[in-house]
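Here is how the chains run, residue by residue.
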Amino acid sequence: MMRHALIALLIASSLAPVRLATAQTSTGTIKGTVTIVGKVPGNAIIRMGVDPKCAQLNEGARVLQEAVAATADGHLANVFVRLKGNFPQSPVPATPVVIDQRKCVYGPRVVGMRVGQTLQFRNDDQLLHNVHSSSSVDNSFNIAQPIAGMVYSFTPKSEEVMVKIGCDVHRWMTAYVGVVSNPYFAVSSADGTFTIDKVPAGKYTLEAWHEQLGVLTSAVVVKAGATAPAGLTYEIKN
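Nothing here was measured: the structure is a model prediction, and the numbers come from that model.

Next up on the list: the sheet that holds strand β15 (residues 214–222). Taken in spatial order, the four strands of this open sheet run β12-β2-β14-β15, and their pairing is antiparallel. With partners counted over all chains shown, the strands left at the sheet margins are β12 (185–187) and β15, one partner each. Neighbouring strand axes in the sheet, compared pairwise and without regard to direction, differ in orientation by 20° on average.

Here you go:
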């Protein structure tokens, strides 16, 4: 009897790596780039003179809105990209998503997160900021942070693309939060690239959201153990 049990244990142990490898190769990766072609819209200069403290913090700097953050060759940052569809439930990250208020500007401007994950706002300025969300569902809040070092935490309850964040004291301050129910999303970086890892193999619709340029969609096919290329291009008609 003991001999049979030992043989069964050895067989199970030998199969475990196979099962693990199979699970790991049942997913793929999406690597893409967001670009813009045509005449790229300009960004407005932020006039901070209405608050002398903000002007002092940015003395000597020419601060622009980053509504359209594009490189000279048309690679576009701050685009929220997600996969649409129904996916199995997965653990919500314990690490909070953080937006800083520094020199009277939000950073990052665009973030993505999961429903049930913590969103934190940190005031790095020794002055009053007011963090106010504009939500079409139940992700609303409006709080004041009058001194440096204050942190406000909020847990979004519902999926929403996108939640706009503003400051009632400094009207130019703007950020956006994409709240989704699955982990398959990304925000394009300064060179326009994005990566979505560990995607179950299958056919999907990839959706891109930009605060000024709107929504784009593209089909993408993810194969197990492979990287699927994806290109999303905003066309500006002159």
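The next point concerns the pairing of strand β11 (residues 174–180). Of all seven residues in β11, seven are buried; the element is thus mostly enclosed. Here strand β5 (residues 110–114) runs beside β11; their pairing, made up of five bridges, is parallel. The residue bridging G112 from the neighbouring strand is G178, located in β11. Strand direction decides the pairing type here: strand β10 (residues 160–166) and β11, joined by five bridges, are antiparallel. The residue of β11 that forms the bridge with E160 is V179.

Within the largest apolar cluster, 25 residues are counted, with the highest numbers of intra-cluster contacts made by I99, Y106, I165 and V177. Those elements that place two or more of their residues in this core are β3 (97–102), β5, β6 (119–123), β10 and β11. Broken down by element, this core gets its largest block of residues, three residues, from β11. Other than its neighbours up to four places away in sequence, I99 contacts Y106, G107, P108, V111, L119, Q120, F121, R122, A175 and V177. Among the nonpolar cores identified, the runner-up in size contains 24 residues, and A67, L83, Y204 and V222 belong to it.

Another point: the pattern of salt bridges. Scanning all chains against the criterion turns up seven salt bridges. R82 serves as the salt-bridge partner of E159, at 3.8 Å between the closest nitrogen and oxygen. Taken together, the residues span a long stretch of sequence, with E159 in the loop between β9 (151–154) and β10 and R82 in strand β2 (residues 80–84) at a distance of 77 residues. Given the relative accessible area of 15%, R82 is considered buried. When salt bridges with common partners are traced through the structure, they connect R82, K84, E159 and E207 into a single cluster.

For the bond running from G107 to P108, omega is -5°, close enough to zero to count as cis. Mapping P108 onto the fold places it in the loop between β4 (105–107) and β5. For N78, which is not a glycine, the phi torsion comes out positive at approximately 60°. Mapping N78 onto the fold places it in the loop between α2 (52–57) and β2.

Reading the values: the criteria
Residues numbered from 1 in each chain as written. Predicted model: local features only at pLDDT ≥ 70, side-chain atom pairs only at ≥ 80, totals over all residues. Heavy atoms only, no water. Pairing = 2+ DSSP bridges. Helix = DSSP H or I, 4+ residues; strand = E, 2+ residues; numbered from the N terminus. Axes fitted to C-alpha atoms, helices over the stretch in contact; angles between N-to-C directions. Buried < 20%, exposed > 50% of the residue type's maximum accessible area, 1.4 Å probe, protein only. Core = buried A, V, L, I, M, F, W, Y, C linked by side-chain atoms within 4.5 Å. Contact = heavy atoms within 4.5 Å. Salt bridge = Lys/Arg side-chain N within 4 Å of Asp/Glu carboxyl O.

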